[in-house]
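Chains, contacts and geometry: an overview
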Amino acid sequence: MTSPQPMTAPVPTGFDSVYDELVWRGLVQQTTGDEALKTALDGDPVTFYVGFDPTAPSLHIGNLVQLLTARRIQNAGHHPLGLVGGSTGLIGDPKMSGERVLNTPETVAAWVDKIRVQVERYLDFGGNHPARIVNNLDWTAPMSAIEFLRDVGKHFRMGRMLSRDTVATRLASDEGLSFTEFSYQILQGMDFLELFRRYDCRLQTGGSDQWGNLVSGTELIRKVTGTEVHAMATPLLTKADGTKFGKTESGTVWLDPSLTSAWTFFQFWMNADDRDVVRYLKVFSFRGRAELTALEEATQSRPHAREAQRALAADVTTLVHGAHATAGVIAASTALFGRGELSTVDEATLSAALGEAGVLTLAGELPSVVHLMQRTGLAASLGEARRTVAEGGANINNVRINDPDHVPTRDDLLHGQWLVLRRGKRSLAGVRVAG
RNA sequence: GGCAGGUUGCCCGAGUGGCCAAAGGGAGCUGACUGUAAAUCAGCCGCGCAAGCUACGGGAGUUCGAAUCUCUCACCUGCCA
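Residues numbered from 1 in each chain as written. Chains lettered and ligands numbered in written order. Predicted model: local features only at pLDDT ≥ 70, side-chain atom pairs only at ≥ 80, totals over all residues.

1. Observations concerning the confidence of the model for chain A
In regions of low pLDDT, the predicted coordinates are not meant to be interpreted in detail. Cut-off, in case you're wondering: Looking at any residue, its pLDDT shows the predictor's confidence there, from 0 to 100. We call two residues in contact when the distance between their C-beta atoms, placed using the backbone, is within 7 Å.
The predicted model of chain A has a mean per-residue pLDDT of 90, with 95% of residues at 70 or higher. In the predicted structure, residues 1–6 sits below a pLDDT of 50 and forms ten contacts with residues beyond four places in sequence or in another chain.

Structure below.
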């Protein structure tokens with residue numbers, strides 16, 4: 001994260017109504033009332049909130065959907081509240097797959113700090129309708145069990161709570177469901193009520209998996225105050241090939257550069273399927289309707305040029321990692337996936353590129369190609385590296401290596417110290433020979 | 001607490017004494033075709049150059065030889081208390 005404030009003034013979206021824009025971008029799965037929500041968003045500034053539980057040391061690109069949706073609503077003139085779940089993170093939202101392991105309060109507190117910083121990056125804290133960060137631990141921690149049960153619990157009906165999809169599934173499962181996790185929906189409902197009281201917050205947004213929790217809040221507010229407030233859920237992003245969005249072979253795509261490098265992050269978007277790329281642009285890019293329509297047309301008429309993928313990768317990487325890192329990654333990609341003119345790449349670009357891909361630093365005798373592949377992590381074992389060589393998938397400086405015992409020489413070093421090691425078409429690593 | 005069934009490689013799943021590093025499927029990897037795409041086709045897919053080593057829930061046995069048989073421990077499932 002190079003700057004806490006990557007986004008400049010709102011760009012024209014091509015829409016008069018932010019609600020219409022959200023629908024067009026495919027961000028509206030379900031609301032408490034489409035017409036009522038549209039009217040509210042087209043009117044005076046509304047305070048709304050979106051929450052993130054600290055279940056990991058970083059947010060990931062699934063959470064980014066929520067952050068950018070909030071920013072779009074803010075750009076339309078509304079006040080966002082970014083909530084970090086200091087209390088809900090201690091309890092755990094029930095998952096279909098089974099009971100969560102509780103994290104220690106120290107761990108949760110540490111993650112809260114990291115996630116707060118990430119949330120701050122995507123909202124605007126200046127201007128006429130600044131964002132604000134809140135932590136639900138602030139109002140939950142001081143509350144006594146008696147207050148919780150009398151003032152909040154009394155408004156929740158067991159039938160309703162038990163009918164929740166996740167709850168019903170878990171109760172029917174072998175593992176069952178703890179009272180702790182069962183209570184989660186009450187806590188989240190309470191958050192909305194509290195934010196309504198403190199800030200007149202009237203809208204909560206979240207992923208479609210949060211729908212029950214969102215409604216838990218609107219219902220609580222109606223019962224306690226008689227006021228109708230809104231909730232909006234975004235759909236789960238899908239991939240055309242049916243696999244889960246947001247994962248690579250090596251796992252979740254995180255926003256934290258120490259968990260997912262800018263290079264890996266960029267490649268993730270660059271590799272988007274033609275069938276998915278326009279939908280992703282609508283969700284993750286701030287380009288307006290006219291531009292996105294042009295990119296959609298480009299994908300259809302000139303798919304090989306992959307203009308939409310380039311725009312998507314550049315836009316999202318810039319948002320998350322900053323313009324500087326993105327420029328480096330683009331230079332890197334152009335050089336390393338180019339036509340083998342590696343010698344023409346200047347050392348600074350090469351060094352930055354390989355730095356993103358991963359570098360193994362060596363001194364002394366150069367090892368053979370299979371050892372290099374194994375030590376850079378391109379192959380999990382020497383045997384796998386040998387197989388790759390036998391299959392014709394091993395390259396040094398864009399030259400295919402057919403002998404597993406091939407040892408590069410000093411003459412092969414680019415700029416006197418670099419080797420570009422590639423497995424297959426996409427997996428790259430750098431080797432830097434010191435001394 | 002009793003009785004019955006189960007625990008196999010990243011996942012699912014076959015295998016009931018040697019021909020088992022373990023069928024088949026999925027995932028993954030590589031090549032061809034391409035566009036750092038999709039689809040398709042082909043090969044690969046425990047570790048090791050190899051000899052060999054490790055592996056079928058943990059441990060102990062029987063046997064020339066065990067994923068397969070015996071004992072035991074742990075966990076899961078179903079039925080009965």
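2. Considering the protein's contact with RNA strand B
For clarity, the cut-off: Put plainly, near means the residue's C-beta atom, positioned from the backbone, lies within 6 Å of the molecule or strand in question. What counts as a helix is a DSSP run of H or I of at least four residues, what counts as a strand is a run of E of at least two, and both are numbered from the N terminus. Nonpolar residues are Ala, Val, Leu, Ile, Met, Phe, Trp, Tyr, Cys and Pro. Charged residues are Asp, Glu, Lys and Arg, and all others, Gly as well, are polar.
The full set close to RNA strand B counts 30 residues, and Ser-333, Gly-383, Glu-391, Gly-393 and Gly-424 are the nearest of them. Listing elements by their share of the surface near RNA strand B, those giving two or more residues are α13 (262–270) and α20 (382–390). Ranked by residue count, the leading element in the surface near RNA strand B is α20, at six residues. A class-by-class count of the residues in the surface near RNA strand B yields five nonpolar, twelve polar and 13 charged.

3. Looking at unusual backbone geometry
Our working rule: Three classes are used. A residue is buried when 20 or more other C-beta atoms lie within 10 Å of its own, exposed when 12 or fewer do, and partly exposed in between, with C-beta atoms placed from the backbone.
With a phi angle near 60°, Asp-200 is a residue other than glycine that sits in the positive phi range. In this fold, Asp-200 is placed in the loop between α11 (184–199) and β5 (201–207). A positive phi angle, close to 50°, is found at Asn-397, a residue other than glycine. By the element assignment, Asn-397 lies in the loop between β10 (394–396) and β11 (399–400). Asn-397 gets classed as partly exposed once you count the C-beta atoms within 10 Å, which come to 17.

4. A few points about the nonpolar core
What counts, and what does not: Defined on buried residues, the nonpolar core groups Ala, Val, Leu, Ile, Met, Phe, Trp, Tyr and Cys residues joined through C-beta atoms within 7 Å.
Ranked by size, the top nonpolar core spans 102 residues in total, and within it Leu-64, Phe-266, Leu-281, Phe-284, Leu-312, Met-373 and Leu-421 carry the most contacts. Top element by residues in this core is α11. It accounts for eight residues. In this structure Phe-266 touches Ala-313, Thr-317, Val-329 and Ser-333, once residues within four positions along its chain are discounted.

5. Focus: the packing of helix α19 (residues 369–376) against α20
Using the following cut-off: Here the axes come from fitting lines to C-alpha atoms, over the contacting stretch only for helices, and the angles between their N-to-C directions go from 0 to 180 degrees. Any angle between 65 and 115 degrees counts as roughly perpendicular, while under 35 counts as roughly parallel, over 145 as roughly antiparallel, and the rest as oblique. Handedness of a helix crossing follows the sense of rotation of the near helix relative to the far helix, less than a right angle counterclockwise being left-handed and clockwise being right-handed.
Closest axis-to-axis distance for the α19/α20 pair is 8 Å, and the angle between their directions is 125°. Considering the angle they form, α19 stands oblique to α20. Along this stretch, α19 crosses α20, giving a crossing that reads as right-handed. Residue-level inspection shows Val-369, Val-370, His-371, Met-373 and Gln-374 of α19 in contact with α20, the latter providing Leu-382, Ala-385, Arg-386, Thr-388 and Val-389. Among the residues making up the contact of α19 with α20, the classes are represented as six nonpolar, three polar and one charged.

6. Quick notes on the sheet that holds strand β12 (residues 418–423)
Where strands meet in a sheet, backbone hydrogen bonds hold them as pairs that are either parallel or antiparallel. Basically, it comes down to this: Strand pairing is assigned whenever DSSP detects at least two bridges linking the two strands.
Here five strands make up an open sheet; going across it, the order is β9-β13-β12-β10-β11 and the pairing mixed. Each of the sheet's edge strands pairs with one partner strand only, and the pair in question is β9 (359–363) and β11. Judged from the five bridges that link them, β9 and strand β13 (residues 427–434) form a sheet pairing that is parallel. When the sheet's bridge partners are listed, Leu-362 is paired in β13 with Val-433. Across the face of the sheet, α19 comes into contact with β9, β10, β12 and β13 while running at roughly 80° to β12.

7. Observations regarding the sheet that holds strand β4 (residues 132–135)
Strand order across the open sheet formed by six strands is β1-β6-β5-β2-β3-β4, with mixed pairing between neighbours. Every interior strand has two partners, whereas the edge strands, β1 (30–31) and β4, have only one. Contacts between helix α5 (residues 105–122) and the sheet are confined to β2 (47–52), β3 (79–84) and β4, with β3 contributing the most and set at about 160° to the helix. Where α11 meets the sheet, it contacts β2, β3, β4 and β5, and its direction lies at approximately 145° from that of β5.

8. A short note on the pairing of β13
Strand direction decides the pairing type here: β12 and β13, joined by six bridges, are antiparallel. Across the sheet, residue Trp-418 finds its bridge partner in β13, namely Arg-432. Here β12 folds back onto β13, and the loop between the two strands holds three residues, one of which, Gly-424, carries a positive phi near 65°.

9. Some points on helix α12 (residues 211–225)
The cut-off we apply is this: A helix is expected to span 1.5 Å multiplied by its residue count minus one.
Here α12 spans 21 Å end to end across 15 residues, near enough to the 21 Å set by a 1.5 Å rise per residue. Of all the positions in α12, only Gly-212, Asn-213, Leu-214, Val-215, Ser-216, Gly-217, Thr-218, Glu-219, Leu-220 and Ile-221 are classed as buried. Positive phi shows up at Gly-226, right after α12, with a value of about 80°.

10. Looking at the packing of helix α16 (residues 307–321) against helix α17 (residues 323–336)
In a pair of packed helices, the angle between the axes and the distance between the axes together describe the arrangement. At a closest axis distance of 7 Å, the pairing of α16 and α17 adopts a crossing angle of 140°. The angle between the axes of α16 and α17 places the two elements in the oblique class. The hand of the α16/α17 crossing is right-handed. On α17, the residues that touch Ala-314, Thr-317, Thr-318 and His-321 of α16 are Ala-323, Ala-325, Thr-326, Val-329 and Ile-330. Residues that form the contact of α16 with α17 fall into these classes: five nonpolar, four polar and no charged.

11. Considerations on helix α14 (residues 274–284)
Within α14, burial applies to Val-277, Val-278, Tyr-280, Leu-281, Val-283 and Phe-284. Against α3 (61–75), α15 (289–301) and α16 lie the buried residues of α14.

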